[in-house]
Amino acid sequence: MNSKESHITLIDFYATWCSPCQTMDPIIERIENDFTDIIQLLKVDVDENRKLAQLFKIQNVPTFILLKNKDIVWKQAGVLTYRELKKKILENL
């Protein structure tokens, strides 16, 4: 990615005790592998990062936030399929 392209960050807010979060782990790993040159992935444990979770108004886990040039362009809580998550990323490139 060159400096003229947009900077995309996917934030995965999760908790270690959350079974839907664990369901998302292989999907997030696949997204990270498939989009390694396009997006930056950040995983945030809400129990260890309460202030950051409050800043982003996280009420449920998992919650995914897509940032483009530091602006929130998409936010959704719950389990997503690989296809759904991929579509959201591609829509916001």
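Residues numbered from 1 in each chain as written. Predicted model: local features only at pLDDT ≥ 70, side-chain atom pairs only at ≥ 80, totals over all residues. Heavy atoms only, no water.

What am I meant to see in the overall build of the chain here?
Secondary structure assignment for the chain yields three helices and four strands. Overall, the chain shows an N-to-C arrangement of helices and strands of β-α-β-α-β-β-α. For a compact globule of 93 residues, the expected C-alpha radius of gyration is about 12 Å, and the chain comes in at 13 Å, within 12% of that figure. Here the C-alpha coordinates of the chain stretch approximately 40 × 25 × 15 Å along the principal axes. A total of 93 residues make up the chain; the buried ones form 38% of that total. (Helix = DSSP H or I, 4+ residues; strand = E, 2+ residues; numbered from the N terminus. Rg over C-alpha atoms; globule rule 2.2 N^0.38 Å. Buried < 20%, exposed > 50% of the residue type's maximum accessible area, 1.4 Å probe, protein only.)

Teacher, can you tell me more about the pairing of strand β3 (residues 63-68) here?
Regular strands have side chains that alternate between both faces of the sheet. Most of β3 sits inside the fold, with five of its six residues counted as buried. Across six bridges, strand β1 (residues 8-14) lies against β3 in antiparallel orientation. In the sheet register, I8 faces β3, and the bridge partner there is K68. One ladder, built from six bridges, connects β3 with strand β4 (residues 71-77); its direction is antiparallel. Residue pairing in the sheet places F64 in a bridge with Q76 of β4. The antiparallel pairing of β3 with β4 creates a hairpin that spans two residues between the two strands, and N69 there sits at a positive phi of about 50 degrees. (Pairing = 2+ DSSP bridges.)

I would appreciate a short explanation of the packing of helix α1 (residues 19-34) against helix α3 (residues 82-91) in the present structure.
Helix-helix packing: each pair is described by the crossing angle between the helix axes and the interaxial distance. One can describe the packing of α1 onto α3 by two numbers: an axis separation of 10 Å at closest approach and a directional angle of 40 degrees. By the angle between their directions, the pair α1 and α3 is classed as oblique. When the axes of α1 and α3 are compared, the crossing they make is right-handed. Only Y82, L85, K86 and I89 of α3 make contact with α1, whose side of the interface consists of M24, I27, I28, R30, I31 and D34. Along the lines of polarity and charge, the residues of the contact of α1 with α3 split into seven nonpolar, no polar and three charged. (Axes fitted to C-alpha atoms, helices over the stretch in contact; angles between N-to-C directions. Parallel < 35°, antiparallel > 145°, perpendicular 65-115°, else oblique. Left-handed = near helix turned anticlockwise from the far one by under 90°. Contact = heavy atoms within 4.5 Å. Nonpolar A, V, L, I, M, F, W, Y, C, P; charged D, E, K, R; others polar.)

I would appreciate a short explanation of the pattern of salt bridges in the present structure.
Where side chains of opposite charge bring their charged atoms close, a pairing between them can arise. The full count for this structure, using the stated rule, is six salt bridges. With a shortest N-O distance of 3.8 Å, D34 and R30 are connected by a salt bridge. Of the two residues, D34 and R30 are both situated in helix α1; the distance of four residues between them amounts to about one turn of the helix. When salt bridges that share partners are traced, they join D12, D25 and K43 into one network. (Salt bridge = Lys/Arg side-chain N within 4 Å of Asp/Glu carboxyl O.)

What am I meant to see in the sheet that holds strand β2 (residues 39-45) here?
Strand pairs in the sheet, formed through backbone hydrogen bonds, run parallel or antiparallel to each other. Read from one edge of the open sheet, four strands run β2-β1-β3-β4, paired in mixed fashion. Of all the strands in the sheet, just β2 and β4 have a single pairing partner and so form its edges. Averaged over all adjacent pairs, the angle separating strand axes in this sheet is 15 degrees, with direction ignored. The pairing of β1 with β2 spans seven bridges and is classified as parallel. Following the sheet pairing, I11 is matched in β2 by L42. Those strands touched by α1 are β1, β2 and β3, and its axis lies near 160 degrees from that of β2.

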